[in-house]
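This is what each chain is made of:
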Amino acid sequence: MEVWLKCDYFVKYKRMKIDILTIFPDMFKGPFDESILRRAQDKLLVKIKIHNLRDWTEDKHKSVDGRPYGGGPGMILRVDVVDRAIKNIKSQTSNSKQIQNLKSQKTKVILLSAKGKKYNQQKVQEFSKLDHLILVCGHYEGVDQRIADYLVDKVVSVGDYVLTGGELPAMVVVDSVVRLLPGVLGDKSSLKEESHTKPGYVEYPQYTRPEEYKDWKVPEILLSGNHAEIEKWRQEKAKKK
Ligand SMILES: C[S@@+](CC[C@H](N)C(=O)[O-])C[C@H]1O[C@@H](n2cnc3c(N)ncnc32)[C@H](O)[C@@H]1O
């Protein structure tokens with residue numbers, strides 16, 4: 001039996017599994033090893049696994065990509081390699097004891113692509129309710145269109161600009177989803193009135209010590225101790241933005 005089955009957090013909270021498929025696994029060293037994401041993994045609230053797509057190649061050169069049919073620049077990620085990877089990860093997960101114990105396992109496969117639907121807080125909330133996320137990162141010129149058409153559930157873009165690979169977007173998805181998982185944030189009221197929890201909503205301004213710095217003062221109302229007035233002020237300011 002794996003250690004996490006015995007852990008208090010498992011009794012209280014369901015653990016999410018996130019698998020990331022990439023040709024540059026080392027890019028993920030660091031971002032998941034600090035702060036809230038590190039603690040979430042240590043508390044066994046999420047299991048993040050980085051996979052090297054080359055592990056699912058079948059030729060001696062371990063080729064993950066090829067030249068585009070019809071000509072053009074760059075290299076395109078191969079559909080067969082990604083298909084084997086996704087199938088293998090899905091079958092490993094459904095064979096695992098922990099997952100069999102869950103009543104219904106909700107998995108989504110996401111392709112990170114500049115051509116995808118724009119990622120927003122509503123998507124973050126939707127993904128945070130799943131049991132299992134598989135994130136596919138393209139690189140170089142992009143991916144074979146059949147990956148988007150036949151292998152994934154959603155194609156997601158982190159913004160209207162082009163990055164060198166899907167690795168940074170995958171980190172954005174993981175970070176935004178994991179902080180919403182139950183038990184991850186020490187004080188869950190931090191999530192209540194956050195920016196983008198409703199479309200167009202941005203949080204009120206916040207201040208801390210010192211009360212005055214240079215001639216920049218903290219708004220007097222926040223020092224008044226009048227909680228009703230403070231609440232009113234915050235609501236006004238949040239709306240104003
Ligand atoms: C250089 S980009 C390919 C861009 C592609 N030729 C195009 O015009 O849409 C390489 C990879 O980076 C990732 N990527 C780039 N920009 C992205 C974005 N805004 N959101 C999500 N993924 C992105 C995708 O995985 C993509 O396959």
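Residues numbered from 1 in each chain as written. Predicted model: local features only at pLDDT ≥ 70, side-chain atom pairs only at ≥ 80, totals over all residues. Heavy atoms only, no water.

A. Quick look at the overall build of the chain. Scanning the chain from terminus to terminus reveals eight helices and ten strands. Projected onto its principal axes, the C-alpha coordinates of the chain cover approximately 70 × 50 × 30 Å. Taken across its 241 residues, the chain has 39% of its residues classed as buried. Within the chain, contacts between residues separated by at least 24 positions form 75% of all contacts whose residues are at least 6 apart in sequence. Measuring between centres, the 43 positive side-chain charges of the chain sit 4 Å from its 33 negative side-chain charges. (Helix = DSSP H or I, 4+ residues; strand = E, 2+ residues; numbered from the N terminus. Buried < 20%, exposed > 50% of the residue type's maximum accessible area, 1.4 Å probe, protein only. Contact = heavy atoms within 4.5 Å. Lys, Arg positive; Asp, Glu negative; His and termini not counted. Charge placed at Lys NZ, Arg CZ, Asp CG, Glu CD.)

B. Up close: the nonpolar core. Judged by nonpolar contacts, the single largest core of 30 residues is most densely connected at I18, I20, F127, L135, V174 and V178. Elements with a contribution of two residues or more to this core: β1 (16-22), α2 (35-42), β2 (46-52), β5 (107-118), α5 (121-128), β6 (132-137) and α7 (167-178). The biggest single contributor to this core is α7, with six residues. Apart from residues lying up to four places away in sequence, F127 is in contact with M16, I110, Y119, L133, K154, V156, V173 and V177. Judged by nonpolar contacts, the second largest core, of 19 residues, contains W56, V79, I147 and L151. (Core = buried A, V, L, I, M, F, W, Y, C linked by side-chain atoms within 4.5 Å.)

C. Inspection of the sheet that holds strand β3 (residues 65-66) at higher detail. Taken together, three strands build an open sheet; the order of strands is β3-β4-β7 and the sheet is mixed. Looking at which strands have only one partner, the edges of the open sheet turn out to be β3 and β7 (142-143). Pairing between β3 and strand β4 (residues 76-77): two bridges, direction antiparallel. Across the sheet, the residue bridging to D65 is L77, located in β4. (Pairing = 2+ DSSP bridges.)

D. Geometry of the sheet that holds β6. An order of β2-β1-β6-β5-β8 is seen for the five strands of this open sheet, with the pairing classed as parallel. The sheet terminates laterally at β2 and β8 (154-157), the two strands that pair on one side only. Going from strand to strand, the sheet's axes swing by 30 degrees on average, the running direction of each strand aside. Pairing between β5 and β8: five bridges, direction parallel. Bridge pairing in β8 links L111 to V155. (Axes fitted to C-alpha atoms, helices over the stretch in contact; angles between N-to-C directions.)

E. A look at α7. Taking 1.5 Å of rise per residue, the twelve residues of α7 would be expected to cover 16 Å, and the 16 Å separating its terminal C-alpha atoms lies within 8% of that figure. When you tally the buried positions in α7, you get nine out of twelve residues, the bulk of the element. Taken together, the buried positions of α7 are occupied by E167, P169, A170, M171, V173, V174, S176, V177 and V178. Of the surrounding secondary structure, the elements contacted by the buried residues of α7 are β1, α2, β2, β5, α5 and β6. (Expected span 1.5 Å × (residues − 1).)

F. Main features of the environment of I48. Along the chain, I48 falls in strand β2. Taking the C-alpha atoms as reference points, I48 and S195, separated by 147 residues in sequence, lie 26 Å from one another. Every residue in contact with I48, bar those within four places of it in the chain, is listed here: I18, I20, F32, Q41 and V174.

G. The site of the ligand, seen in detail. Lining the immediate environment of the ligand, one finds 21 residues, of which L112, G138, E141, Y161 and L163 sit closest. Contact between the ligand and G166: an oxygen atom at 3.4 Å from a main-chain N or O atom of the residue. Across the complex, the protein chains shield 85% of the 590 Å² of accessible surface that the ligand would expose by itself. Among the elements that line the shell around the ligand, the one with the most residues is β5, at four residues. (Near = heavy atom within 4 Å. Polar contact = N/O pair within 3.5 Å; in protein donor to acceptor, adjacent residues only side chain to side chain. Areas by Shrake-Rupley, 256 points an atom, 1.4 Å probe, with all protein chains shown as cover.)

H. View of the side chain of D131. Along the chain, D131 turns up in the loop between α5 and β6. Here the side chain of D131 touches K106 through a polar contact of 2.5 Å, landing on its backbone nitrogen.

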